[in-house]
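Architecture and fold: a report
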Amino acid sequence: MCLFTKIKTHLTRLTSFRMLMRQKKDHIYMDAMGFGMGCCCIQVTFQACDMNEARCLYDQLAVVSPIVMALSAASPIYRGYLSDVDCRWDVISAAVDDRTDEEMGKAPLKESKYRINSSRYSCINSYLNSEKYSDITPPYNKEFYEKLTANGVDHLLALHVAHLFIRDPISAFANRIEINDSEDTDHFESLQSTNWQNMRFKPPPPNSDIGWRVEFRTIEAQTTDFENAAFVSFCILLSRAIASFRVNFYIPLSLVHENMNRAQKRNAVLEQKFYFRKNIQCCNCDCEPDIVEMTINEIINGNDDFPGICKLIRAYMSNMIDLEFLTATRICSYISLIQKRARGELLTTASWIRNFVKEHPLYQHDSVVSDEMTYDLMMEIKDITNGKSMPDLLGNYRDLSDNRDTKFRRDSFMTLGTE
């Protein structure tokens, strides 16, 4: 990965002396897998009412996942250097990329079975409810695909599961190797849990009352509990709005991949545009999409041609007649934080960290983040979590301690948390 000051970013790992000799100047090289998998993040699992709703949420939230990643960007420093990216995604992707040269297409297939176009840690490669927009053809294990379809599993779901089985498991527990696969899914989970994508489809475990779930995996960990709660609440409410209003966010999956690439760029929340669908109220998955490039501000807060995601969330909340006033006020503060970040009125965590380093008296404008600077950064973050005011990061938000047991009025909702 290259440095912040002048060069574009590239990430790899030093796995041999030969690679050490080939390393590029002004690039950051990670020397252990733990540099990637040690990155912090927030993963939110949603309970669906049934399999069909889970499949719907999986597809629709996959389109939104790059937008949320850019809004929550919080990872600009690696191995003591200020980098030219704001998010962890490709860092982890490279850290756990165990594909052979044959699988990556660098050599003819001999020992390997598949050409694999992405790391274990990547964007999803197929939708679960739309073949039309799944314009990426993922490799898949034909034996498992045929077994699934022969037993009544539809094409898209069978393709999704069979795609997991193109890779080998990378972890196993000694006491869970010899198990009854008809009663236990540990062997499946060993593959499922080591295919890290922006969304994860989670079938119910056997002998459990846990239902169908989906996991949203792109949120970066924030500085304060308030910010973390804001992003979690935003995603939960969006998932409920999607399920309630049956909105249609579908765009070609290749454009979701492109959005994931753009979302990691420095200051992407303000400087990048993202492919998004304008006609989201078209419930028919096969209707022609009106796809344009929009800023994150337009996607979140809307424009003349698009209502914005936050308006969708507010419309959903306006129907929650039993929502207490304090809860509603807190949630509106969460939504307002997201809206201000989208507009650029508040910094992302990555931008705030970057500014702290650039303004530090010891910084030499060489991308080096020294031990002393790292210590000062950690102490500043500690002070913020303990209540220090930081207007450019958090604005004037405060912990709401009003204990009034007041029921929330729907007609007052649209005025709460607005600017």
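Above: the structure in question.
Structural notes, computed from the coordinates. (Residues numbered from 1 in each chain as written. Predicted model: local features only at pLDDT ≥ 70, side-chain atom pairs only at ≥ 80, totals over all residues. Heavy atoms only, no water.)

1. Description of the overall build of the protein
Of regular secondary structure, the protein possesses 16 helices and nine strands. By the burial criterion, 52% of the 419 residues in the protein qualify as buried. Sequence-distant contacts, at least 24 apart, represent 69% of the contacts inside the protein between residues at least 6 apart. When the accessible area of the protein is evaluated, it comes to approximately 20200 Å², of which 49% is carbon and sulfur surface. (Helix = DSSP H or I, 4+ residues; strand = E, 2+ residues; numbered from the N terminus. Buried < 20%, exposed > 50% of the residue type's maximum accessible area, 1.4 Å probe, protein only. Contact = heavy atoms within 4.5 Å. Areas by Shrake-Rupley, 256 points an atom, 1.4 Å probe, with all protein chains shown as cover.)

2. A closer look at the side chain of S233
Take S233: it is sitting in helix α8 (residues 225-245). Looking at S233, its side chain comes within polar contact range of the main-chain oxygen of A229, at 2.8 Å. (Polar contact = N/O pair within 3.5 Å; in protein donor to acceptor, adjacent residues only side chain to side chain.)

3. Digging into empty space enclosed by the protein
Tallied over the entire structure, the rule returns two cavities of 30 Å³ or more. A volume near 50 Å³ is recorded for the largest cavity. Looking at the largest cavity, the residues that line it are Y58, I124, N125, S126, L159, H160, H163, L164 and Q197. Broken down by element, the residue count for the lining of the largest cavity peaks at four residues, all from helix α6 (residues 155-164). (1 Å grid on protein atoms, 1.4 Å probe; cavity = no way out; pocket = protein on both sides within 12 Å on 5 of 7 lines; lining within 4 Å. Points joined across faces, edges and corners; volume = space filled by probe spheres on them.)

4. Thoughts on the packing of aromatic side chains
A complete count under the given rule lists 13 aromatic pairs for this structure. A centroid spacing of 6.1 Å and a plane angle of 80 degrees characterise the contact between Y58 and F201, whose relative ring orientation is edge-to-face. Remark: F201 occurs in strand β6 (residues 199-202) and Y58 occurs in helix α3 (residues 51-71); sequence separation between them is 143 residues. F201 matches Y58 in its accessibility class, with the two residues each being buried. Grouped by ring-pair contacts, the aromatic residues Y58, F201 and W212 constitute a single cluster. (Phe/Tyr/Trp six-rings, centres within 6.5 Å; stacked < 30°, edge-to-face > 60°.)

5. Description of the pattern of salt bridges
A complete count under the given rule lists 17 salt bridges for this structure. Among the ionic pairs, R55 bridges to D154, the shortest N-O distance being 2.8 Å. Residue R55 is found in helix α3, and its partner D154 is found in the loop between α5 (142-150) and α6; the two are separated by 99 residues along the sequence. Accessibility expressed as a relative area gives 31% for D154, which makes it partly exposed. Here R262 makes a salt bridge to E258, at a shortest N to O gap of 2.8 Å. Remark: E258 and R262 occur in helix α9 (residues 253-263); sequence separation between them is four residues, near one turn of the helix. Among the residues examined, R262 registers a relative accessible area of 14% and is labelled buried. (Salt bridge = Lys/Arg side-chain N within 4 Å of Asp/Glu carboxyl O.)

6. Details of the sheet that holds strand β1 (residues 41-47)
The sheet built from three strands is open, its strands ordered β1-β7-β6 with antiparallel pairing. The two strands at the open ends of the sheet, each matched to only one other strand, are β1 and β6. Across the sheet, the mean angle from the axis of one strand to that of its neighbour is 20 degrees, orientation sign disregarded. Strands in contact with α3 are β1, β6 and β7 (213-220); relative to β7, the strand with the most contacts, it is inclined by about 5 degrees. (Pairing = 2+ DSSP bridges. Axes fitted to C-alpha atoms, helices over the stretch in contact; angles between N-to-C directions.)

7. As for unusual backbone geometry
Even without glycine at this site, R79 takes up a positive phi of about 55 degrees. Within the element layout of this structure, R79 appears in the loop between β2 (77-78) and β3 (81-82). Residue classification places R79 among the partly exposed positions, given a relative accessible area of 39%. A positive phi is found at N207, a non-glycine position, where the angle reads about 55 degrees.

8. With respect to the packing of α8 against helix α13 (residues 325-343)
Running from N to C, α8 and α13 point in directions that differ by 95 degrees, and their axes come no closer than 9 Å. Classified by the interaxial angle, the pair formed by α8 and α13 is roughly perpendicular. Counting all contacts with α8, which are made through F226, E227, A229, A230, F231, S233, F234 and L237, the residues of α13 involved are I331, S333, Y334, I335, L337, I338 and R341. (Parallel < 35°, antiparallel > 145°, perpendicular 65-115°, else oblique.)

9. With respect to the environment of F201
For F201, a relative accessible area of 3% puts it in the buried group. Expressed as a C-alpha distance, the spacing of F201 and H160, which sit 41 residues apart in the sequence, is 9.2 Å. When sequence neighbours within four positions are dropped, the list of residues in contact with F201 reads M51, A54, R55, Y58, L128, L157, H160, Q192, W212, R213 and V214.

10. Thoughts on the environment of L393
When you line up the elements, L393 lands in helix α16 (residues 391-394). Judged by relative accessible area, which is 0%, L393 ranks as buried. Discounting residues that sit within four places of it in the chain, L393 has contacts with T223, E227, L337, R341, L346, L347, T348, T349, W352 and I384.

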